[in-house]
Amino acid sequence: MQDPIRCHCLCGRVQLHASQPPTNGAHCHCENCRRAHGAAFVSWLCFDADAVEVFAGEQEFATYVTETDAQRRFCTNCGTTLTFASERWPGSIDLAMANIIDPVPEVEWRHTYADRDPEWSKGLDGLKRCGGPDGMQPLP
Ligand SMILES: [Zn+2]
Ligand SMILES: [Zn+2]
């Protein structure tokens, strides 16, 4: 078997391994993703559920079941949301791309629920870009 695609939370206690390449990717703009991650949108990499295992931190890997019956799993120590699964997409699990530490094969990406953006997150591409040590220096 090839090396797994590894993923971990901010504190590193919860570690997941995917033994197969992802099937596709989605930048999800739905309200639940926005709230669960505190972000304008969430970038998910989708895998066959059978290919993903909890490598470490099972005791700290909690599940929040939403009112739409989706399972959003997170680390109880650091609060990082790591996975999404729902019976609406049986046999599939999404891993938050931001937590993946290995290079991943190219997949097709799309924006989902792209019509749900609130006013404050529209047109982000057009904003001034800053960087440097404090993140605030204008970039060319
Ligand atoms: Zn953690
Ligand atoms: Zn979503």
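Residues numbered from 1 in each chain as written. Chains lettered and ligands numbered in written order. Predicted model: local features only at pLDDT ≥ 70, side-chain atom pairs only at ≥ 80, totals over all residues. Heavy atoms only, no water.

**Observations regarding the pairing of strand 1 (residues 5-8)**
Every regular strand shows the same layout, with side chains that alternate between the two sheet faces. Note the following rule: Relative accessibility under 20% of the residue-type maximum defines a buried residue, over 50% an exposed one, and the middle range a partly exposed one, all with a 1.4 Å probe and only protein chains included. Where helices and strands are cited, they refer to DSSP runs of H or I of at least four residues and of E of at least two residues respectively, numbered from the N terminus. DSSP-based pairing: two strands are paired if at least 2 bridges between them are found.
The two faces of strand 1 differ: Ile-5 and Cys-7 on one face are buried, but Arg-6 and His-8 on the other face are not. If you look at the hairpin formed by strand 1 and strand 2 (residues 15-18), you'll find six residues sitting between the two strands, and Gly-12 has a positive phi there, around 90 degrees.

**Observations regarding the coordination of the zinc ion (ligand 1)**
Basically, it comes down to this: Only nitrogen, oxygen and sulfur atoms count as donors, using a 2.8 Å cut-off from the metal that widens to 3.2 Å for Na, K and Ca. Water is left out, so coordination shells may look unfilled. Each label reflects the angles at the metal, where four donors whose angles all fall between 85 and 135 degrees are tetrahedral, four or six donors whose opposite pairs open beyond 155 degrees and whose other angles stay between 65 and 115 are square planar or octahedral respectively, and the rest are irregular.
Taken together, the protein ligands of the zinc ion (ligand 1) are Cys-9 (SG), Cys-11 (SG), Cys-75 (SG) and Cys-78 (SG), with distances of 2.3 Å. Coordination at the zinc ion (ligand 1) is tetrahedral: its four donor atoms span angles of 106 to 114 degrees at the metal. The motif formed by the donor residues of the zinc ion (ligand 1), counted along the single chain, is C-x1-C-x63-C-x2-C. Of this pair, Cys-9 sits in the loop between strand 1 and strand 2 while Cys-75 sits in strand 7 (residues 71-75); the two residues are 66 residues apart in sequence, bridging distant segments of the chain. Assigned by exposure class, Cys-9 and Cys-75 land together as buried.

**Re unusual backbone geometry**
Look at Asp-69: it is not a glycine, yet its phi comes out positive at around 70 degrees. With respect to the secondary-structure elements, Asp-69 resides in the loop between strand 6 (61-65) and strand 7. For Tyr-113, which is not glycine, the phi dihedral falls at a positive 50 degrees. Looking at where Tyr-113 falls in the secondary structure, it is placed in the loop between strand 10 (109-112) and strand 11 (130-131). Among the residues examined, Tyr-113 registers a relative accessible area of 30% and is labelled partly exposed.

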